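Residues per chain, in single letters:
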Amino acid sequence: MKRLINIIWGVWCAFTTFLSPVWLTMIYLNITGMIYKYDYSMDEGTAIIMGIFLLALWLFSVLVPIIGFLRYAYMLNKKYLLVCVFSMFVLMMVCMAICGWDVVHFLVS
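How do you make sense of helix H4 (residues 78-99) when you look at a structure like this?
Each full turn of the α-helix corresponds to 3.6 residues, which orients residues three or four apart in the same direction. With 22 residues, H4 ought to run about 32 Å at 1.5 Å a step, and its terminal C-alpha atoms sit 32 Å apart, in line with that. For H4, the set of buried residues is Cys84, Met88, Met93, Cys95 and Met96. Buried residues of H4 fall within an arc of 165 degrees about the axis and therefore sit on the same side. Residues of H4 that are exposed and angled more than 90 degrees away from the buried face: Lys79, Leu82, Val83, Phe86 and Ile98. At the exit of H4 stands Gly100, carrying a positive phi of roughly 90 degrees.

When you look at the side chain of Thr16 in this model, what are you seeing that I'm missing?
By the element assignment, Thr16 lies in helix H1 (residues 2-32). Taking the relative accessible area as the measure of exposure, Thr16 reaches 3% and is therefore buried. Discounting residues that sit within four places of it in the chain, Thr16 has contacts with Ser61, Val62 and Ile66.

Looking at this structure, I do not really get H1. What am I missing?
Its 31 residues place the ends of H1 42 Å apart at the C-alpha level, agreeing with the 45 Å of an ideal helix rising 1.5 Å per residue. Its axis deflected by about 50 degrees at Ser20, H1 carries its strongest bend there, up to four residues before the proline Pro21. Listed as buried for H1 are Asn6, Gly10, Cys13, Thr16, Thr17, Ser20, Pro21, Ile27, Leu29 and Asn30. Just past H1, the residue Gly33 takes up positive phi, approximately 80 degrees.

Looking at this structure, how should I read the layout of surface pockets?
Rolled over the atoms, a probe as big as a water molecule pinpoints where empty space is left. Within this model, the largest pocket holds a volume of roughly 180 Å³. Around the largest pocket sit 13 residues that line it, and Thr17, Ser20, Ile66, Met88 and Met92 are the ones nearest its centre. Where the lining of the largest pocket is concerned, the elements lending two or more residues are H1, helix H3 (44-76) and H4. Top contributing element to the lining of the largest pocket by residue count: H3, with five residues.

Help me understand the packing of H3 against H4 in this model?
Working note: a packed helix pair is described by the angle between its axes plus the distance between those axes. Remark: H3 packs on H4, axes separated minimally by 5 Å, with the N-to-C direction vectors making an angle of 145 degrees. Touching Ile66, Phe69, Leu70, Ala73, Tyr74 and Leu76 of H3 are Lys78, Tyr80, Leu81, Cys84, Val85 and Met88, all from H4. Considered class by class, the residues forming the contact of H3 with H4 number eleven nonpolar, no polar and one charged.

How should I be thinking about the nonpolar core in this particular structure?
As a rule of thumb, nonpolar side chains are buried together in soluble globular proteins. Within the largest apolar cluster, eleven residues are counted, these being Cys13, Ile27, Leu54, Trp58, Val62, Ile66, Phe69, Leu70, Ala73, Cys84 and Met88. Elements with a contribution of two residues or more to this core: H1, H3 and H4. Looking at which element gives the most residues to this core, the answer is H3, with seven residues.

Rules used in this analysis
Residues numbered from 1 in each chain as written. Predicted model: local features only at pLDDT ≥ 70, side-chain atom pairs only at ≥ 80, totals over all residues. Heavy atoms only, no water. Helix = DSSP H or I, 4+ residues; strand = E, 2+ residues; numbered from the N terminus. Expected span 1.5 Å × (residues − 1). Buried < 20%, exposed > 50% of the residue type's maximum accessible area, 1.4 Å probe, protein only. Arc of directions from axis to C-beta. Contact = heavy atoms within 4.5 Å. Bend = angle between axes of the 7 residues up to and from the residue. 1 Å grid on protein atoms, 1.4 Å probe; cavity = no way out; pocket = protein on both sides within 12 Å on 5 of 7 lines; lining within 4 Å. Points joined across faces, edges and corners; volume = space filled by probe spheres on them. Axes fitted to C-alpha atoms, helices over the stretch in contact; angles between N-to-C directions. Nonpolar A, V, L, I, M, F, W, Y, C, P; charged D, E, K, R; others polar. Core = buried A, V, L, I, M, F, W, Y, C linked by side-chain atoms within 4.5 Å.

Take it as geometry only, folks, not as evidence of what the structure does.
Here it is as structure tokens:
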């Protein structure tokens, strides 16, 4: 049972790591009010409130489980921690590449 929970936890962390660049970009656009330039569905005040709500949601549904998962991987073996961090980095880069962001420029700068 514990093995199944760890697999589910790892899949959740991989999925949220993959989506985090897009999610954080939307949070940034909402909090700064710049979303209004791209999407006219909400005004700036509503966008800021929505951005704060999305930031809190991201913190509790993504950041806290990832920290717990990395802590668990560290307790098992330091090699597992390096594998997890590397795979999370690769997943974020793949998401950025799929979105059409300039990943090479991001890595060099």
